[in-house]
Amino acid sequence: MAINHKLIDELLANYQKPEDIIGENGLLKQLTKALLERAMNAELTEHLGYEKHDPVGNNTGNSRNGVTSKTLKGEFGEMPLETPRDRKGTFEPRIVAKGQTRFTGFDDKIISMYSRGMSTREIQGHLEEIYQVEVSPALISSVTDAVMEEVKAWQSRPLEGVYPIVYLDALVVKIRDGGHVRNRAIYVVIGVNMQGNKEVLGLWAGQAEGAKFWLQVLTELKNRGVTDIFIACIDGLTGFPEAIAAVFPQAEVQLCIVHQVRGSLNYVSWKQRKAVAADLRPIYTATTVEAAEQRLDEFAAKWDATYPTISQAWRRNWDHLKPFFAYPDDIRKVIYTTNAVESLNMSLRKVIKTRGSFPTEEAALKLLYLGLVHIAKRWTRPVQNWKAALQRFAILHGDRVPKAEAA
C-alpha cells in the first residue's frame, strides 16, 4: 500500500518530541485506535451488505446497533476501543475478535519472557514498566497455559525412522505435593537425525529416574515412528541397557564417559582426585580398545590397593564403555559423551532456577518446553564432523542406514 506523504506531513505538523508519537497519548496510539475502529466498521458494512445510513438496509432484518466499549492491551499500553454491533448479534470482528483483550504480539511477549525463566511477578513488573499495562498473574497463567495444547501436539508428533545417535538423560525439578516439596525426574531425549541435526524428541515427567520408566519412554519413541537407533548414549543407571535392548535390540549402548569418570572420583579423597583423574584419561583416550584395556590394567595395578572399586566398575561396564573405540578420535566426541545433554540441561536449569518449586508437573513441563523452543533456535548447524561419522555408520551398519542418506 502506497504511503501518502502529504498526510504524514499533516499528522506531524505539531511534532515536537518523541512522546508526541510514542507516548501514552501519542499519535501512534491514536492512529492505532482510529484504524482498528475504522476497520471493524468496514467489516460490519461487509457483514450487513450496505453502508451506514444507506436506505438499502431498510427492512433487511438486521442493522447496526451501537457499540460495545472494551480495553485492549498491547505494546501501546491500554487503549479504549469501541466495537460496533449488529442487532442480531451475528457480527464477528476479525481484526479484534470478540473477547479479545490483547493485541496480536502481546501474548508472544509474555511467552517469550516466560520461556527465559522470568517469574510471573517479573513479567508483571516488566509489562507495567515498559508498556504501562497492568497484567494480573491470572492473565499471565492463562496465556502460558494455552501453550499446553502445543506441548501435547509436540510430544505426540511423528518422528523420523532412524536416529544414528540418541542421548538419554534426566534432570531433577522440585514439585509441590500437598505441604511437601518433592523431587521429580524430567526425562529428556535428544536425537541426532540422518542430516546431523539435533532435536529434542520429547520430555517426560516421572517419580524418579529409573530403568522401568525409561522403558516406557523408549516404547513411546517406537510408537511415534522410530524404528532404529545406532548408538544410545546414557548414564550408568542400573537396568538402562536392558531397557534399550528390549525396544531397540540392534542399538549399541554407549555409557557416558563423563558420568563414568565422575562416578569413579566419588570414591577418591579430595587430595588424590587430580592424580586419579589423570590416570583414568589414558583409558578413554586410547587409540584402540586393546590399548584401552592395557591402560585399565595399568590403572588397576597402581590404584586397586587404595580404590579397588574404580577398576571393578570400569570392567563391569566395559561392554558399554568401548563402542566408541570403533570410531576415529574426531568422531568419538560426537558419540561417547552426553555433552549435548549436559549443555541442554545446563540451559534448562538456568530457565528453572528462578522457581523454587512448581505447583504441578504440567507447570514444569510447560516452562521446560518453552525453554527448549528458545534453546533449539541456536541449533542451526549439523554436529561437527557429521559427514565422516555418517560414512562410518554406513560401513559399520550397512543396510540399516537409509539408502538415500548412505548415498
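Fair warning: this is a prediction, and the values are worked out from it, not measured in the lab. (Residues numbered from 1 in each chain as written. Predicted model: local features only at pLDDT ≥ 70, side-chain atom pairs only at ≥ 80, totals over all residues. Heavy atoms only, no water.)

Peer 1: Would you mind going over the side chain of T45 with me for this structure?
Peer 2: The residue T45 is located in helix α3 (residues 27-48) in this model. If we skip the residues at most four places from it in the chain, T45 touches Y50, E51 and R64. (Helix = DSSP H or I, 4+ residues; strand = E, 2+ residues; numbered from the N terminus. Contact = heavy atoms within 4.5 Å.)

Peer 1: Would you take a moment to explain a nonpolar patch on the surface for this structure?
Peer 2: A cluster of nonpolar residues, L7, I8, L11, L12, Y15, L31 and L35, forms a patch on the protein surface that exposes about 580 Å² of accessible area. Going through the elements one at a time, α1 (5-11) and α3 are the ones with two or more residues in the nonpolar patch. Broken down by element, the nonpolar patch gets its largest block of residues, 3 residues, from α1. Within the secondary structure, L31 is located in helix α3. By relative accessible area, L31 is classed as partly exposed at 32%. (Patch = residues over 30% accessible without salt bridge, like charges linked within 9 Å, V, L, I, M, F, W, Y side chains within 5 Å. Areas by Shrake-Rupley, 256 points an atom, 1.4 Å probe, with all protein chains shown as cover. Salt bridge = Lys/Arg side-chain N within 4 Å of Asp/Glu carboxyl O. Buried < 20%, exposed > 50% of the residue type's maximum accessible area, 1.4 Å probe, protein only.)

Peer 1: Any chance you could explain empty space enclosed by the protein here in plain terms?
Peer 2: Where empty space is left can be seen by rolling a probe of water-molecule size over the atoms. One pass over the structure, following the stated rule, counts 1 cavity of 30 Å³ or more. In this structure, the largest cavity spans a volume of roughly 30 Å³. Residue lining of the largest cavity: G196, N197, K198, W379, R381 and V383, and that is the complete set. Residues of the lining of the largest cavity, tallied by class, amount to 2 nonpolar, 2 polar and 2 charged. (1 Å grid on protein atoms, 1.4 Å probe; cavity = no way out; pocket = protein on both sides within 12 Å on 5 of 7 lines; lining within 4 Å. Points joined across faces, edges and corners; volume = space filled by probe spheres on them. Nonpolar A, V, L, I, M, F, W, Y, C, P; charged D, E, K, R; others polar.)

Peer 1: What is the right way to read helix α13 (residues 308-316) from this model?
Peer 2: Residues lying three or four places apart along an α-helix face the same way, a consequence of the helix completing one turn every 3.6 residues. Along α13, the residues classified as buried are I310, S311, A313 and W314. The buried residues of α13 occupy an angular sector of 155° when projected down its axis, which confines them to one face. In this structure, the buried side of α13 is in contact with α10 (257-265), α11 (273-284), α12 (289-303) and α14 (318-321). (Arc of directions from axis to C-beta.)

Peer 1: When you look at the sheet that holds strand β5 (residues 198-206) in this model, what are you seeing that I'm missing?
Peer 2: The pairing of strands in a sheet happens through backbone hydrogen bonds and is either parallel or antiparallel. Spatially, β5-β4-β3-β6-β7 is the arrangement adopted by the 5 strands of the open sheet, whose pairing is mixed. With one partner strand each, in any of the chains shown, β5 and β7 (252-255) form the two edges of the open sheet. Strand after strand, the sheet turns through a mean of 25° between neighbouring axes, direction not considered. As paired strands, strand β4 (residues 180-192) and β5 are joined by 8 bridges and run antiparallel to one another. Paired with V189 across the bridge in β5 is G202. (Pairing = 2+ DSSP bridges. Axes fitted to C-alpha atoms, helices over the stretch in contact; angles between N-to-C directions.)

Peer 1: Please clarify how the environment of E220 should be interpreted in this entry.
Peer 2: You can see E220 is positioned in helix α8 (residues 211-223). Owing to a relative accessible area of 25%, E220 belongs among the partly exposed residues under this scheme. Measuring from C-alpha to C-alpha, the distance between E220 and V247 comes to 9.8 Å, with 27 residues separating the pair along the chain. Setting aside its immediate chain neighbours within four residues, E220 contacts Q155 and W204.

Peer 1: Just checking my understanding: could you explain the confidence of the model for the protein for this structure?
Peer 2: The predicted coordinates ought not to be read in detail in places where the model reports low pLDDT. Here the protein averages 83 in pLDDT, and 90% of its residues register 70 or above. Considering each helix and strand of the protein separately, the mean pLDDT is smallest for helix α19 (residues 403-406), with a value of 61, and largest for α12, with 96. (pLDDT = per-residue confidence, 0-100.)

Peer 1: Even after reading the chapter, I still don't get the packing of α12 against α13, so can you show me in this structure?
Peer 2: Each pair of packed helices can be described by the angle between their axes along with the distance between the axes. Contact geometry of α12 with α13 gives a least axis separation of 8 Å together with a crossing angle of 160°. When the axes of α12 and α13 are compared, the pair comes out roughly antiparallel. Helix-helix and strand crossings are classified by hand; for α12 and α13 the assignment is left-handed. Of α13, the residues touching α12 (which contributes L296, D297, F299, A300 and W303) are P308, I310, S311, W314 and R315. Here the contact of α12 with α13 is composed, by residue class, of 7 nonpolar, 1 polar and 2 charged. (Parallel < 35°, antiparallel > 145°, perpendicular 65-115°, else oblique. Left-handed = near helix turned anticlockwise from the far one by under 90°.)

Peer 1: How do you make sense of the side chain of K366 when you look at a structure like this?
Peer 2: With respect to the helices, strands and loops of the structure, K366 is situated in helix α17 (residues 361-376). Not counting the four nearest positions on each side in its chain, K366 is found in contact with Y114, S141, T144, D145 and M148.

Peer 1: Just checking my understanding: could you explain the nonpolar core for this structure?
Peer 2: One recurring pattern in soluble globular proteins: nonpolar side chains tend to sit buried together. Grouped together as the largest cluster of nonpolar side chains are 100 residues, with contacts concentrated most on I165, L168, V189, V276, W314, I335 and F393. Leave out the neighbours within four places in its chain, and I165 touches I190, G191, V192, I231, C233, V334, I335, W386 and F393. (Core = buried A, V, L, I, M, F, W, Y, C linked by side-chain atoms within 4.5 Å.)

Peer 1: Teacher, can you tell me more about the pairing of β4 here?
Peer 2: Successive residues of a regular strand alternate their side chains across the two faces of the sheet. Bridging between strand β3 (residues 162-177) and β4 involves 13 bridges; their strand directions are antiparallel. Each residue of the ladder has a partner; that of D177, found in β4, is H180. The hairpin turn running from β3 into β4, its antiparallel successor, is 2 residues long, and G178 in that turn takes a positive phi close to 65°. Between the end of β4 and the start of β5, which pair antiparallel, lie 5 residues, with G196 showing a positive phi angle near 85°.

Peer 1: Looking at this structure, I do not really get the environment of L368. What am I missing?
Peer 2: Assignment of secondary structure puts L368 in helix α17. Classification of L368 by relative accessible area gives buried; the value is 0%. Not counting residues up to four positions away in its chain, the partners in contact with L368 are I186, L203, L348 and I352.

Peer 1: How should I be thinking about the packing of aromatic side chains in this particular structure?
Peer 2: Following the criterion strictly, the structure yields 11 aromatic pairs and no others. Taking the centre distance of 4.8 Å and the plane angle of 80° together, the rings of Y187 and W214 count as edge-to-face. Here Y187 is found in strand β4, whereas its partner W214 is found in helix α8, with 27 residues between them in sequence. Just as Y187 is buried, W214 falls in that class too. Here the aromatic rings of F299 and W303 are separated by 6.4 Å at their centres, their planes lie at 35°, and the arrangement is tilted. Taken together, the residues span about one helical turn, with F299 and W303 both in helix α12 at a distance of 4 residues. Aromatic rings pair up to connect Y187, F213, W214 and F240 into one cluster. Here R273 stacks its cationic end above the ring of W270, 4.3 Å away from the centre of that ring. (Phe/Tyr/Trp six-rings, centres within 6.5 Å; stacked < 30°, edge-to-face > 60°. Lys NZ or Arg CZ within 6 Å of the ring centre and 35° of its normal.)

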